[in-house]
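Chain by chain, the residues run as shown.
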There are 2 protein chains.
Amino acid sequence: MAATIIDVARLCGYSKATVSRAYASPEAVSEKAREKIYAAAKQLNYAPNAIARAMVRQQTENIAFIIHEKQYPAILNPFYSPMLEAAMQEGTRRNYSLFVTTSQDIHLPNGDIYIKKHMDGVIFAGEVDIRVIEEFRKQSIPVVLVNNYLDMDGLVCISADHYGGAVQATEYLCKLGHCKIGLLSGRFSPQVSEARIEGFVKTLAKYDIPVDDRFIADIEPALEDGEEIMTRMLRGVDRPTAFFCTNDTIAAGAMKAVTRAGLRVPEDIAIIGFDDSYISRVVEPELTTVRIDAAKMGCLAMQTLFDLIAGMPVEKAHIQIPTELIVRGTA
Amino acid sequence: MAATIIDVARLCGYSKATVSRAYASPEAVSEKAREKIYAAAKQLNYAPNAIARAMVRQQTENIAFIIHEKQYPAILNPFYSPMLEAAMQEGTRRNYSLFVTTSQDIHLPNGDIYIKKHMDGVIFAGEVDIRVIEEFRKQSIPVVLVNNYLDMDGLVCISADHYGGAVQATEYLCKLGHCKIGLLSGRFSPQVSEARIEGFVKTLAKYDIPVDDRFIADIEPALEDGEEIMTRMLRGVDRPTAFFCTNDTIAAGAMKAVTRAGLRVPEDIAIIGFDDSYISRVVEPELTTVRIDAAKMGCLAMQTLFDLIAGMPVEKAHIQIPTELIVRGTA
């Protein structure tokens, strides 16, 4: 028969509770005690049953990071990947595991919400159905929402200042003297897309620059789409001298089109991106872009979730991360 | 008191086992039965306890994807991210969750191995301590190793043909007529690095091209390191007309150095990368590179793990994925 925690406690002379703690929160047990406990466990070939431990504590030390299928790929997404990385590392520091899943995973075939697995807390990234959040809260599972804002009582939302970022980018182009500026806008969640478009349009108005509908495009935020639309726009009469792209991927695609047309960035066409993702340093010249500190958002989401799990009150329901214009070589 | 599965079974007229199945494997229950069961559950406000269910089945439907800290970042790693994405999506299709963790997470403070959480199976990516694998197997948790090969009885290893890929790249440069070829080699695990270097060196020998140590570098596989070393190499007397870089990130950095020196890729310096990661299509001209189908490796790892969990025998312990040279614009 396999050794139990009682056998280990008997052999090493510490209480069952101390033995349990030596595994669950080793930092709470003295080094001397830990050594004796681990040695006894080794001698008895004792391995604590993880599921049984979760049963007793009704905690799994798992956090779910749920991304809506619409935003796929989840891990390859250049905006969400630094957020996930930071959340994962923050979790590891606290002995929590992060699992990445989609909203499909929390539904029954008939569409009803069903939280199949126990998770001690949940981070929703971007789009989410309000009923899903309600269901989690009904089951007393703390929720944090990142890159989205919903006006629900006590719901912590961590979002970026998309409007402010678009204003920074557009204003910078205006101040450089550009008076024909195009917009390549990616189809993100309505909230994000609309805030970025609004920042662009309002800033042009402030500088008395007309909005030319021929040079405004609403596209999928992919490299190929950015390249294709820019190729078309470069053929336009009276074309802009600068473009604001609402993410770095679109901007990288647009840069390709400019280079392939035998033109230069930024001399012939200036380009500004958004996100300051890894892509912005891969392209040459490197991309002038609006930085969203996605790693900070991921880390903050995790820390807030730990506070909620520990039963601490929410100090601020809506945390908005400021953006910063990073001037590099494309504008 | 909260409703139990017995209450639901009584109300809908189906057995406890059928009610349980309607949640655990809905596809195994008829639509008619499911509808009645879900309706009864809703009426009684019944929610199955995920931990209790795991306790009964001694299964959590969680798979761990463990990456050694040395290979950090885990999620932002352009080689591992498509593997993770594919593994996650394959898991989701089978109702399994994937959690990403590091090897730190499976050790006690004294360095002993301790599998803190229950996982139904484990994928190790790259470097791993043999004792860790032994511990998992001792606890009957199936293991698959990707991007590494260890000669352990019955251990499934899924790796890429790093040697063959390096031969393809080098041979292509030789056939283009290059007779001075440099090597920018990234520091990966010894197995991977050595196989790629060996493929390069042996191919040069085959084509009677001398290896010039001045133009062989062993560097961290980062953008900045690739740029820095290439900037130095461009100043060398009798410099190569082509470089083989052992990943795309190094190649993108090297391209920056060439462009900034006022030279052209591929006219002045031809460059070939390795991995066919996302980066290869972001740079302009797009990168000629060796494709490793990392998504296929991730998917295969997950499928093999499911077979092992289901108790099926291992057909082939070492699966080697072939590489393919993708010719684009840089060589």
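Residues numbered from 1 in each chain as written. Chains lettered and ligands numbered in written order. Predicted model: local features only at pLDDT ≥ 70, side-chain atom pairs only at ≥ 80, totals over all residues. Heavy atoms only, no water.

Taken together, the contact pairs 65 residues of chain A with 65 residues of chain B. Of the roughly 5700 Å² buried between chain A and chain B on both sides combined, carbon and sulfur atoms contribute 60%. Scanning the region where chain A abuts chain B turns up eight salt bridges. Here E284 of chain A ties to K256 of chain B by a salt bridge, and the two come within 2.9 Å at their closest N and O atoms. The tally of links between chain A and chain B comes to 14 residue pairs in polar contact (both at pLDDT 80 or more). Among the secondary structure elements, those contributing two or more residues to the side of chain A that touches chain B are α2 (16-24), α3 (31-44), α4 (50-57), α5 (80-93), β2 (97-102), α10 (248-260) and α11 (279-282) of chain A. Looking at the side of chain A that touches chain B element by element, the count peaks at seven residues for α5 of chain A. Within the side of chain A that touches chain B, the residues separate by chemical class into 32 nonpolar, 18 polar and 15 charged. As paired elements, β2 of chain A and strand β2 (residues 97-102) of chain B share three bridges and run antiparallel to each other. If you follow L98 of chain A over to β2 of chain B, its bridge partner there is V100 of chain B. (Contact = heavy atoms within 4.5 Å. Buried area = accessible area lost by both parts, 1.4 Å probe. Salt bridge = Lys/Arg side-chain N within 4 Å of Asp/Glu carboxyl O. Polar contact = N/O pair within 3.5 Å; in protein donor to acceptor, adjacent residues only side chain to side chain. Helix = DSSP H or I, 4+ residues; strand = E, 2+ residues; numbered from the N terminus. Nonpolar A, V, L, I, M, F, W, Y, C, P; charged D, E, K, R; others polar. Pairing = 2+ DSSP bridges.)

Turning to the relation of the copies chain A and chain B, a few remarks are in order. One copy of the chain maps onto the second through a rotation around an axis plus a translation along that axis. Of the two same-sequence chains, chain A is brought onto chain B (RMSD 0.1 Å, axial shift 0.0 Å) by a rotation of 180°. Look at the turn and shift together and you get a two-fold axis relating the two. No C-alpha of chain A approaches the rotation axis more nearly than that of F99 of chain A, which lies at 2.0 Å. Interface overlap between copies is the fraction of interface residues in one copy that are interface residues in the other; for chain A against chain B it reaches 100%, indicating a shared surface. (Least-squares fit on C-alpha atoms with pLDDT ≥ 70 in both.)

Here the focus is helix α8 (residues 190-206) of chain A. Residues and elements named next belong to chain A. Between the first and last C-alpha of α8 there are 24 Å, a value that for 17 residues agrees with the 24 Å anticipated at 1.5 Å per step. Of all the residues in α8, the buried ones are V192, S193, A195, R196, G199, F200, T203 and L204. Residues of α8 that are buried sit in contact with α7 (162-175), β6 (181-186), β7 (216-219), β8 (242-245) and β9 (270-275). In the stretch just after α8, D208 is the one whose phi turns positive, near 55°. (Expected span 1.5 Å × (residues − 1). Buried < 20%, exposed > 50% of the residue type's maximum accessible area, 1.4 Å probe, protein only.)

Here the focus is the sheet that holds strand β3 (residues 121-125) of chain B. Spatial strand order, β11(A)-β5(A)-β4(A)-β3(A)-β1(A)-β2(A)-β2(B)-β1(B)-β3(B)-β4(B)-β5(B)-β11(B): twelve strands in an open sheet with mixed pairing. Whereas interior strands pair on both sides, the edge strands pair on one side only; in this sheet they are β11 (318-321) of chain A together with β11 (318-321) of chain B. Neighbour-to-neighbour, the strand axes of the sheet open up by a mean angle of 20°, direction not taken into account. With three bridges joining them, strand β4 (residues 143-146) of chain B and strand β5 (residues 156-160) of chain B adopt parallel strand pairing. Residue L145 of chain B lies in a different strand from β5 of chain B, and its bridge partner there is C157 of chain B. (Axes fitted to C-alpha atoms, helices over the stretch in contact; angles between N-to-C directions.)

A separate point is the environment of V265 of chain A. Residue and element names in this part refer to chain A. With respect to the secondary-structure elements, V265 resides in the loop between α10 and β9. With a relative accessible area of 10%, V265 lands in the buried category. Residues V265 and T330, 65 residues apart in the sequence, show an inter-C-alpha distance of 5.7 Å. Ignoring any residue separated from it by four or fewer positions in sequence, one finds V265 in contact with M255, V258, I271, P285 and T330.

What follows covers helix α10 (residues 248-260) of chain B. All names here are of chain B. The first and last C-alpha atoms of α10 sit 18 Å apart over 13 residues, in line with the 18 Å expected at 1.5 Å per residue. Most of α10 is tucked away: eleven of the 13 residues are buried. Residues D248, T249, I250, A251, A252, G253, A254, M255, K256, A257 and V258 constitute the buried set of α10. One side-chain oxygen of the residue at the start of α10 lies 3.2 Å from the amide nitrogen of T249, identifying that residue as N247. G262, located one to two residues past α10, shows a positive phi value of around 80°.

Under the domain assignment used here, chain A contains domain 1 (5-57), domain 2 (62-159 + 295-321) and domain 3 (162-291). The straight-line distance from the C-alpha centre of domain 1 of chain A to that of domain 2 of chain A is 32 Å. (Domains from an automatic or database assignment.)

Moving on, we get to the pattern of salt bridges. Tallying each qualifying case throughout the model produces 40 salt bridges over all chains. Between R232 of chain A and E228 of chain A there is a salt bridge, with the nearest N and O atoms lying 3.5 Å from each other. Here R232 of chain A and its partner E228 of chain A are both found in helix α9 (residues 223-234), four residues apart, which amounts to about one turn of the helix. In this structure R232 of chain A comes out as partly exposed when scored by relative accessible area, which is 47%. Taking relative accessible area as the criterion, E228 of chain A reaches 48% and is therefore assigned partly exposed. Among the salt bridges present, the one from R264 of chain B reaches D268 of chain B, with a minimum N-O distance of 3.4 Å. By relative accessible area, which is 48% here, R264 of chain B ends up partly exposed. Three or more residues joined by partner-sharing salt bridges are found here, namely E227, K256 and R260 of chain A together with E284 and E286 of chain B.

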